[in-house]
Amino acid sequence: MSEMITLTIDGKTCQTQEGEYLLNVARANNIYIPAICYLTRCSPTLACRLCLVEADGKQVYACNAKAKEGMQIQTVTENIAKERRAIMEVYDVNHPLQCGVCDQSGDCELQNNTLYMKVDSQSYAVRDTYRPTTHWGVMNYDPGLCIVCEKCVTVCKDMIGSNALSTVKRDSDALDKDFKENMPKDAYAMWNKLNKSLIGFEKDKCIDCGECISVCPVGALVSHDFQYKSNSWELTKIPASNPHSSDCSLMYYEVKHTSIADQMPMIYRVTNEHHYASLSGAARFGYDFENKNATKNQKEFNEAIEAFKQANTIKFNSYITNEEALILEKLREKLGVKLVNEDAKRFQNFMNHFASTSGSRFYNATLKDIHNSNFLISVGSFLKSDAPSVKYAFNNAITLNKGAGLYFHPLGDTHVEGFGKKGKTIETITYAPLREEAILFLILELFGENLPENLRHYLNTLKTKKTKKVVEVVKETISEMVKDEETGEEKEVKKVVSNNVEKEVEYESLQLFELIGCDESLLETINAMLDKKDSYSLIVGEDLIYHPQSANLAKLCGLIQKYTPFKVMIIPTQTNTLGVSLICTLDEQEEGFVVGYNEKANFELSALGDGNINIPALNQQEGTFTSCDKRVVPTNVALPYGGYVLNDFANELLEDEVEYTIEYTEQLPQEKGFKSIEFDQLPNEFKNNQEENRGYLLDNATQESIESFEPIEKLYGFTGTVIYKANPINQFNEFTYKAHQLSNDKTALYVSSSLMEKLGLNENDKVEVSTSSSKEELEVIIDHHLTSDIAYVSYFDKTIPTKQLFSTSRYSSATIKKV
Ligand code: SF4
Ligand code: SF4
Ligand code: FES
């Protein structure tokens, strides 16, 4: 951790960590420095040059200059004001005057800075060239509006990890020489570059996350769907939390009436605070999943009450709020029903085993820890689809912190291989499914400190002495007779030569590499990666939770947290898996008459509107989620809802009179780490100093730990084609699939091109996929990022029961036949 230092900005004393960028120090102290191109958490691009300041008498760029003890900063001088004014004039050269229809108008950094710099005349000019608009995946790019700030390029590379955008050359007239001689020099340099560049796009690399749209300061990149739909000042911003995955990122539903004729509110787009939290494509584009047209009907209500009374089981998933989970728990207590939620139950079991060896109720990493680390390992998560925010953090850490990482997953993924800057900063290790015990033992072997005796002993049994041939360079001194050209005399000269000598050496072989199914040379790679690394994160994914040996894996994760320098993140599988697993007493098996809460059952309450009675979708509810950061975060109502909510049924069944569901927020169980805080007291914002001021963090608890684990007893074998349960990028559940911008995805068998060739298939063929538990007819779709011969089957569509193809894990042996 860097030292705290003191400096002054415009006479104000500011404290910060040594090495922090001056711009961030100013922002944390509420001091304004104009800046268009800098993105917090990404590398400075120095494209706009607006952030010029004077530091100890020298002009520097605040986004790139680092804080030092005692520095004196002036944010504006006469020369800096001239430069900034000229820069803004240049940005306005040939910028189309279409603010009346431009989507960014009102939120536009070009407009804001032009006004702030009081630009009311134009001193510069160059002939414009034709720059046509293009359509890129989810967005439109208008090069005429683009100010080549490179923010989109930077966020795609440094944060998202796609590298789909770059600056490219364009035809243009040269700038008049007079400008070079007479205008402020930073403004000229910026203009010269701007005049020759625009942005290029590689479709195959793009994952349609839309983060580049979010960071664009002008209207050059806009969502195709949102374009020309609304001015930004007409939209009401409703703070919420991502309802589709456990990052529960802060986001805003932007809402206004549907049309002049239809005054019903509608969500027009989702936006985010891109300096502090990035969004997945699912959160950004999967917003219109509300349960429309629900009304109250006493007969249906009575039937629902009867169904609850008759129920032996209530079955549900973790796409619900903490408050709904608490109501279900109260119904369990009152009605004596079983609560069945496979997702939360598996996570609950995993965390109980984890706590037994770690001694801690929770894993100790947050997303911010992952962003800040410089050596990362991901095990058992298909990161690009399972957990986009964790993937961003992984890439961001490798890219910005001179970090390195290991990505262990049976499905090879070129998207992940592209992380980091040029050079080998990430190693992806593909292995046969379900070998994760060996990976966790390897981490304990390589990084464990003061390991318990039984573990040390077991790890020693996995070592053998082996010999290998190595080539050594041996230096030898030889003598040569050399003739002096002038005198003709011969004399002896000695010189040193290097010879390659092959020899056999003994070494300690770790059987764990063989058990994982990877080459022992990985050890050298890891050792090379570890140079100058001091901050470690382990990311643990769903494959370990849905694993026949999940109890042992959880215990090993606990031992890693306790005995290695790694901070551990166990990614909760659904939005509120962690919250539900803490609040509810869950059973494994359903029985008897089942009431389904967003699950198929004898009587179903459904937020999709396809059940026996309606309940609200998550964009129609207020309440809280528990995020992967162990943070309880609020979400708000974006759209109205006319039907019954769970609280209405609970009032009847519990003989209670709770007016609003959020009255349960302060009743969340404190013995599980929740706090007694009213919903309306929960903040949902980031502060200027980047502090996450959202809800509250759960209290951890410690317990006595035991050093127990099982040795590796079995290597799992698969026959035929191996299939994996995973969704394509941006799909998480039936609600993302319902959203109009994501509804074109298909429930399919996703394959690499090499597997497609091996199976003799073509894209869009129909195949029958059969496993020991089920069979399903599916379309074949290529995932160009896949490199291995394991296919994945999506499960986001509730109406196609592909989950049944899998039984004890996310993997299954399958027979694939063309139909
Ligand atoms: S498209 Fe937007 S974000 Fe990208 S360089 Fe142009 S102005 Fe900047
Ligand atoms: S949508 Fe996402 S992946 Fe595609 S170019 Fe933009 S930032 Fe990159
Ligand atoms: S913000 Fe520093 S150069 Fe643009």
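Refer to the structure printed above.
Anyway, here's the lowdown on the structure attached to this text. Please read all numbers here as calculations on a predicted model, not as lab measurements. (Residues numbered from 1 in each chain as written. Chains lettered and ligands numbered in written order. Predicted model: local features only at pLDDT ≥ 70, side-chain atom pairs only at ≥ 80, totals over all residues. Heavy atoms only, no water.)

1. Here we look at the overall build of the protein
Here is step 1 of the chain: Check the secondary structure of the protein and you find 25 helices and 36 strands.
Here is step 2 of the chain: For a compact globule of 819 residues, the expected C-alpha radius of gyration is about 28 Å, and the protein comes in at 30 Å, within 12% of that figure.
Here is step 3 of the chain: A principal-axis box enclosing the C-alpha atoms of the protein has dimensions of 110 × 80 × 60 Å.
Here is step 4 of the chain: Evaluated residue by residue, the protein yields a buried proportion of 58% over its 819 residues.
Here is step 5 of the chain: Here the protein has roughly 34900 Å² of accessible surface; of this, 45% comes from carbon and sulfur atoms.
Here is step 6 of the chain: For the protein, the separation between the mean place of its 85 positive charges and that of its 117 negative charges on side chains is 3 Å. (Helix = DSSP H or I, 4+ residues; strand = E, 2+ residues; numbered from the N terminus. Rg over C-alpha atoms; globule rule 2.2 N^0.38 Å. Buried < 20%, exposed > 50% of the residue type's maximum accessible area, 1.4 Å probe, protein only. Areas by Shrake-Rupley, 256 points an atom, 1.4 Å probe, with all protein chains shown as cover. Lys, Arg positive; Asp, Glu negative; His and termini not counted. Charge placed at Lys NZ, Arg CZ, Asp CG, Glu CD.)

2. Re the site of ligand 2
Here is step 1 of the chain: Around ligand 2 sit M139, C156, S162, A164, L165, F201, C206, I207, D208, C209, G210 and C212, and that is every residue in its neighbourhood.
Here is step 2 of the chain: Its residues assigned to classes, the shell around ligand 2 shows nine nonpolar, two polar and one charged. (Near = heavy atom within 4 Å. Nonpolar A, V, L, I, M, F, W, Y, C, P; charged D, E, K, R; others polar.)

3. Overview of the sheet that holds strand β33 (residues 766–770)
Here is step 1 of the chain: On the basis of which strands lie adjacent, the closed barrel formed by six strands has the order β31-β35-β32-β34-β33-β36 and mixed pairing. The sheet shows a mean angle of 45 degrees between the axes of neighbouring strands, taken without regard to direction.
Here is step 2 of the chain: Sheet analysis places strand β31 (residues 721–725) next to strand β35 (residues 791–793), joined by three bridges and oriented parallel. When the sheet's bridge partners are listed, Y724 is paired in β35 with Y792. (Pairing = 2+ DSSP bridges. Axes fitted to C-alpha atoms, helices over the stretch in contact; angles between N-to-C directions.)

4. Some remarks on the packing of aromatic side chains
Here is step 1 of the chain: Within the structure shown, the criterion is met by 30 aromatic pairs.
Here is step 2 of the chain: On the basis of an interplanar angle of 75 degrees and a centroid distance of 5.7 Å, the ring pair of F441 and F709 is categorised as edge-to-face. In this pair, F441 is assigned in helix α16 (residues 436–447) and F709 in the loop between β30 (696–697) and β31, connecting sequence segments 268 residues apart. Neither residue differs from the other here; F441 and F709 are each classed as buried.
Here is step 3 of the chain: With 5.9 Å between their ring centres and 50 degrees between their planes, Y644 and F649 make a pair best called tilted. In this pair, the class of Y644 matches that of F649, namely buried.
Here is step 4 of the chain: Ring pairing ties together the aromatic residues F382, F718, Y724, Y750, Y792 and Y811, which thus form one cluster.
Here is step 5 of the chain: Taking NZ or CZ as reference, K468 lies 4.6 Å from the ring centre of Y507, over its face.
Here is step 6 of the chain: Over the ring of Y546 we find K725, and its NZ or CZ is 4.7 Å from the ring centre. (Phe/Tyr/Trp six-rings, centres within 6.5 Å; stacked < 30°, edge-to-face > 60°. Lys NZ or Arg CZ within 6 Å of the ring centre and 35° of its normal.)

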